[in-house]
Amino acid sequence: MFGKDISKAVAFLNKDDLIGFPTETVYGLAANAFSIAAVQKIYQLKKRPTSNPLILHTHSVEAAVKYTSKMNPAAIKLAKSFWPGPLTLLLPKNNLIPDCVTSGSPLVAIRVPNHPVALALLTALDYPLVAPSANPYTRISPTNAQMVDDYFGESLPYILDGGSCAKGIESTIVGFDGDSPIVFRQGAISIDAIEFVVGKVKMKHEVKQEIVTPGMTKLHYAPKTKMHIIENLLDFMNVSPNHKVGFIGMGDRHICHPNLVFVSLSENNDLEEASMNLYQSMYILDSLGLDCIVIKKFPEHGIGRSMNDRIRRATYVSSE
Ligand code: TXA
Ligand code: MG
């Protein structure tokens, strides 16, 4: 069931139930972060391994600092620049945060989402929320309330409907090696924007790190339909003329073919708009019974880099 009633959402959360709620990135599956029983329900409903920790969501920088034992100068700069917004910081946790939230890690992932409904909800609560993306483990993250409802139906008592997510891709996760920022997950804030605030940053694979982000498995964000990255749609259609193909790209429709469903994420080649539409397009094409979904790489700059990261994962073929 979905609606816009914040007090109803609060009532469910207060009795340790889960709810779906909108953020500017993707919809989250939320529970009271201080209730071990509620946190366990998230792992059960998502079928997510308990070794994969959860992001803590709160309503302000002032609230966020209550849950960490230390914020280094770069973390303070990033928080002040991007919160509320699609940035998650990995910070040393304090005793307020139950171990089940961080899967036993001494670090907690924290973010302040920039969505009016999320902020109204978080402000109405006297505890923070933990919220992974509201999809079953390894599936495409939902960017509207209907997708959440399709995934969980009756097993999720309430979904706060806040429309389509403006960013459409998950938050950028930044952790630290000493005081130096490291990007653990590319996301809705580009590396360029992070570097503008704190100078050159390293990517996770460039540093020897004990910290792991267990959710960043190679096979992730995947539709059930086989998905491939291609260079040229016409070449692909010529090689496989009898395949029913869904194509995801940008710009104008340039090929007509009876077996082709053509989706343009942005007719004006606007990467921000394309990012907003990416997951929803993958999700819709996945429901059409196609033989495959093909996609072209995005320009490797700004949010295009994060989108390329996600489509690499969506097209990853496990060797098992
Ligand atoms: O945009 C987002 O971040 C969305 C919205 C709902 O806020 N949330 C989200 O959560 O993407 P989730 O659970 O789908 O992805 C969180 C990622 C996972 O890869 C997880 O392993 C990592 O963050 N993570 C969470 N807590 C961590 C911790 N303490 N240490 C290392 N990695 C952590
Ligand atoms: Mg997720």
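Look a little higher up for the structure.
Basis of the calculations
- Residues numbered from 1 in each chain as written.
- Chains lettered and ligands numbered in written order.
- Predicted model: local features only at pLDDT ≥ 70, side-chain atom pairs only at ≥ 80, totals over all residues.
- Heavy atoms only, no water.
- Patch = residues over 30% accessible without salt bridge, like charges linked within 9 Å, V, L, I, M, F, W, Y side chains within 5 Å.
- Areas by Shrake-Rupley, 256 points an atom, 1.4 Å probe, with all protein chains shown as cover.
- Salt bridge = Lys/Arg side-chain N within 4 Å of Asp/Glu carboxyl O.
- Lys, Arg positive; Asp, Glu negative; His and termini not counted.
- Charge placed at Lys NZ, Arg CZ, Asp CG, Glu CD.
- Helix = DSSP H or I, 4+ residues; strand = E, 2+ residues; numbered from the N terminus.
- Near = heavy atom within 4 Å.
- Polar contact = N/O pair within 3.5 Å; in protein donor to acceptor, adjacent residues only side chain to side chain.
- Nonpolar A, V, L, I, M, F, W, Y, C, P; charged D, E, K, R; others polar.
- Pairing = 2+ DSSP bridges.
- Axes fitted to C-alpha atoms, helices over the stretch in contact; angles between N-to-C directions.
- Contact = heavy atoms within 4.5 Å.

Caption draft 1: A negative patch on the surface, seen in detail. On the surface, a cluster of negative charge is made up of Asp252, Glu267, Asp270 and Glu273. Inspection of the secondary structure puts Asp252 in the loop between strand 13 (245-249) and strand 14 (260-264).

Caption draft 2: Representation of the site of ligand 1. The full set close to ligand 1 counts 26 residues, and Thr25, Asn52, His57, Leu107 and Ser171 are the nearest of them. Contacts to ligand 1 include Arg48, whose side-chain N or O atom sits 2.9 Å from an oxygen atom. Note that a nitrogen atom of ligand 1 is positioned 2.8 Å from one of the backbone N or O atoms of Leu107. Contact with the protein chains covers 97% of the free accessible surface of ligand 1, which is 690 Å². Per element, the largest residue contribution to the shell around ligand 1 is four residues, and it comes from strand 6 (residues 107-111). Looking at the shell around ligand 1 residue by residue, the classes come out as 14 nonpolar, eight polar and four charged.

Caption draft 3: Spotlight on the sheet that holds strand 14. Ordered in space as 12-15-13-14, the four strands form an open sheet in which the pairing is parallel. Edge strands, defined here as strands with exactly one partner in the open sheet, are strand 12 (227-230) and strand 14. Taking each pair of neighbouring strands and ignoring which way they run, the sheet shows an average axis angle of 25°. Bridge count between strand 12 and strand 15 (residues 292-296): four bridges; the pairing is parallel. Across the sheet, His228 pairs through a bridge with Val294, a residue of strand 15. Seen against the sheet, helix 10 (residues 271-286) touches strand 12, strand 13, strand 14 and strand 15 and runs at an angle of roughly 175° to strand 13.

Worth remembering: the numbers are spatial, not functional.
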